[in-house]
Amino acid sequence: MTNQQNVVAVDVKSLGLRNLLPPVTKSLSPTELKMLFMKRFEAEKGDNKINGLVDSMRASSPTRIKSSSASIVHHPSALSMFEQIVGASKGKQIVMFLDYDGTLSPIVEDPDQAFMSTEMRAAVRDVARYFPTAIVTGRCRDKVYSFVKLPGLYYAGSHGMDIKGPSKRCKNKKANQGVLFQPASEFLPMIDEVYKALVEKTKSIGGAKVENNKFCVSVHFRRVDEKSWGALAEQVRSVLNQYPKLKLTQGRKVLEIRPTIKWDKGRALEFLLAALGYGNSNDVLPIYIGDDRTDEDAFKVLRDRGQGFGILVSKIPKETNASYTLQEPSEVKEFLRRLVDWKKICTRRRSSTLSCLDIYIDKKFEYHPPTCLIKEGGGI
Ligand SMILES: O=P(O)(O)OC[C@H]1O[C@H](O[C@H]2O[C@H](CO)[C@@H](O)[C@H](O)[C@H]2O)[C@H](O)[C@@H](O)[C@@H]1O
């Protein structure tokens, strides 16, 4: 066999190799041809990844609704279904799980300014008086604590990779007071390194902001011109390519870089239920309220367990594993207040001779159940 026999006449244009070769017809050996294909394949794979990422950055805009959203159903409002929700808690302990951004605080341009209102803080504090309560967030735990400022809660930062229990004794004796769980601690130096690299790589992209969330990193593009999203995606990919142990997920106008470990908000929810003594128990009704894609992991866990309710905070219909919706943080506050008022009524009913009617006309409460069906044991 001569070398000549191994040479194949290739029309580089017809093979779509235009970007890699001058636009001429040329004879190539099989080895050259293979290398060309590989090069093109890799280049296309990279391009597709970036394009895919930019598409998904566009889709993550909460104001857009997919046109082919036949499977997206309107979930009922958790406010209009309030009685059914608390009714399901009869004989069970409600445990509250609350996402932070977009749930307790409105979405704002600058992540450092995402404060929660005094009224919302009071609502969360009151809820935590009656029910074990956890904040589950993508943020760094210390940062979210500096926003929430309530000591009696569980905090799960970094998408649940940094869990800490309340700093002082709480009423629930089953609770493990000393809980501190950090399943990704070995990733700390790597995350730090990636954070620095991302700050460097994105500094020329106007509006981009990199946030160190301790066990994960957020790259914000809310203030980046849409024309530069591709450039941003490329920079993020170029850094991530060097760290196969890290993965990319997305939230609301944010790219999230996190360890590839199998841990998310859903796992954190399971961990916290176990820490509270409800690991394999039917005596619990977990309620998880969140607005973001990352909260879907927790909604799914509740659905799979057939226990409790996921409540999605969204003004627009979305594909979700949640059972109910609330439109915005102000409705979350209203829901939390109702929960507290309902619990107070149940507690008073048990410790006094007041009739349902007495409770109903008691002007002290803003919320009065429309029907007087309060039963012993907490259910309506
Ligand atoms: O799990 P969460 O508590 O919802 O945290 C998810 C991310 O929230 C923050 O970003 C989001 O809120 C910002 C402030 O409103 C907004 O500017 C940004 O566009 C949103 O994505 C936070 O800054 C991220 O680190 C969290 O991962």
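Keep in mind that this is a model prediction, so the values were computed, not measured.

(A) Structural view of the domain arrangement of the protein. Per the domain assignment, the segments of the protein are domain 1 (81-169 + 176-182 + 263-363) and domain 2 (186-259). Its C-alpha centre places domain 1 at a distance of 29 Å from the equivalent point of domain 2. Domain 1 puts 21 residues into the contact, and the matching count from domain 2 is 16 residues. Regarding the contact of domain 1 and domain 2, the summed buried area is about 1,700 Å², with carbon and sulfur atoms giving 51% of it. Area buried by domain 1 at its contact with domain 2 is led by Glu109, His159 and Met161, which between them contribute 27% of it. In this assembly, domain 1 and domain 2 are joined by three salt bridges. Of the charged contacts in the structure, one is a salt bridge between Arg252 and Asp291, with a shortest N-O distance of 2.4 Å. Across the contact surface, domain 1 and domain 2 share eight residue pairs in polar contact (both at pLDDT 80 or more).

(B) Structural detail: unusual backbone geometry. Unusually for a residue other than glycine, Ser158 sits at a positive phi of about 50 degrees. Within the secondary structure, Ser158 is located in the loop between strand E5 (154-157) and strand E6 (162-164). Of note in this structure, His159 is not a glycine but carries a positive phi near 55 degrees. Looking at the secondary structure, you find His159 in the loop between E5 and E6.

(C) Spatial organisation of the environment of Phe335. Residue placement: Phe335 occurs in helix H9 (residues 329-351). In this structure the C-alpha to C-alpha distance between Phe335 and Phe82, which are 253 residues apart in sequence, comes to 7.9 Å.

(D) Geometry of the sheet that holds strand E3 (residues 93-98). Across the sheet, eight strands lie side by side as E7-E6-E5-E4-E3-E12-E13-E14; this open sheet has mixed pairing. Because the sheet does not close on itself, it has two edges, and the strands there are strand E7 (180-181) and strand E14 (324-326). Examined bridge by bridge, E3 and strand E12 (residues 284-290) share six bridges and lie parallel to one another. The residue of E12 that forms the bridge with Leu98 is Ile289. In this fold helix H8 (residues 296-305) packs onto E12 and strand E13 (309-313), with an angle of close to 155 degrees to the strand it touches most, E13.

(E) Structural context of the packing of aromatic side chains. A full pass over the atoms with the stated rule returns 12 aromatic pairs. An aromatic cluster of three or more residues is present, and its members are Phe97, Tyr288 and Phe299.

(F) Highlighting the site of the ligand. Around the ligand sit 21 residues in total, of which Val108, Glu211, Arg222, Arg252 and Lys265 are the nearest. One of the side-chain nitrogen or oxygen atoms of Asp99 is found 2.8 Å away from an oxygen atom of the ligand. Considering the ligand on its own, with 570 Å² of exposed area, one finds that the protein chains cover 99% of that surface. A majority-of-atoms criterion places the ligand in the largest cavity. Contributions of two or more residues to the shell around the ligand are made by strand E9 (217-220) and strand E11 (254-259). For the shell around the ligand, the class distribution of residues is seven nonpolar, five polar and nine charged. Both domains that meet at the shell around the ligand, namely domain 1 (81-169 + 176-182 + 263-363) and domain 2 (186-259), each give it at least three residues.

(G) Spotlight on the sheet that holds E9. Taken in spatial order, the four strands line up as E8-E9-E11-E10 in an open sheet, and their pairing is antiparallel. Every other strand in the sheet has two partners, leaving strand E8 (209-212) and strand E10 (246-251) as the edge strands with one partner each. Taking each pair of neighbouring strands and ignoring which way they run, the sheet shows an average axis angle of 20 degrees. In the sheet, E10 pairs with E11 via six bridges, with the strands oriented antiparallel. What sits directly across from Gln250, in E11, is Leu255. Contacts from helix H5 (residues 188-202) reach E8, E9, E10 and E11 within the one sheet, and its direction differs from that of E8 by about 165 degrees.

(H) Spatial organisation of empty space enclosed by the protein. A complete count under the given rule lists three cavities of 30 Å³ or more for this structure. There is about 360 Å³ of room inside the largest cavity. Lining the largest cavity are 25 residues, and of these Asp101, Ile107, Arg139, His220 and Val254 lie nearest its centre. If you list the elements that add at least two residues to the lining of the largest cavity, you get E9 and E11. Its residues placed into classes, the lining of the largest cavity shows six nonpolar, seven polar and 12 charged. Of the residues that make up the lining of the largest cavity, three or more belong to each of domain 1 (81-169 + 176-182 + 263-363) and domain 2 (186-259).

(I) Spotlight on the nonpolar core. Counting 52 residues, the largest nonpolar core has Phe97, Leu198 and Ile257 as its most contacted members. With six residues, helix H6 (residues 229-240) is the single largest residue contributor to this core. Each of two domains, domain 1 (81-169 + 176-182 + 263-363) and domain 2 (186-259), supplies a minimum of three residues to this core. For Leu198, the residues in contact, after removing those within four places along its chain, are Val210, Val217, Val219, Val236, Val239 and Ile257.

(J) Structural view of the side chain of Arg258. Turning to its location among the elements, Arg258 is positioned in strand E11. Despite its burial, Arg258 remains without a salt bridge, the nearest opposite charge being carried by Asp297 at 4.6 Å. There is a polar contact of 3.2 Å between the side chain of Arg258 and the side chain of Thr249. With sequence-adjacent residues up to four places away left out, Arg258 is seen in contact with His159, Met161, Cys216, Lys245, Leu246, Lys247, Thr249, Trp263, Asp264 and Thr294.

Reading the values: rules and limits
Residues numbered from 1 in each chain as written. Predicted model: local features only at pLDDT ≥ 70, side-chain atom pairs only at ≥ 80, totals over all residues. Heavy atoms only, no water. Domains from an automatic or database assignment. Contact = heavy atoms within 4.5 Å. Buried area = accessible area lost by both parts, 1.4 Å probe. Salt bridge = Lys/Arg side-chain N within 4 Å of Asp/Glu carboxyl O. Polar contact = N/O pair within 3.5 Å; in protein donor to acceptor, adjacent residues only side chain to side chain. Helix = DSSP H or I, 4+ residues; strand = E, 2+ residues; numbered from the N terminus. Pairing = 2+ DSSP bridges. Axes fitted to C-alpha atoms, helices over the stretch in contact; angles between N-to-C directions. Phe/Tyr/Trp six-rings, centres within 6.5 Å; stacked < 30°, edge-to-face > 60°. Near = heavy atom within 4 Å. Areas by Shrake-Rupley, 256 points an atom, 1.4 Å probe, with all protein chains shown as cover. 1 Å grid on protein atoms, 1.4 Å probe; cavity = no way out; pocket = protein on both sides within 12 Å on 5 of 7 lines; lining within 4 Å. Sits in = over half its atoms within 2 Å of the grid points. Nonpolar A, V, L, I, M, F, W, Y, C, P; charged D, E, K, R; others polar. Points joined across faces, edges and corners; volume = space filled by probe spheres on them. Core = buried A, V, L, I, M, F, W, Y, C linked by side-chain atoms within 4.5 Å. Buried < 20%, exposed > 50% of the residue type's maximum accessible area, 1.4 Å probe, protein only. Lys, Arg positive; Asp, Glu negative; His and termini not counted.

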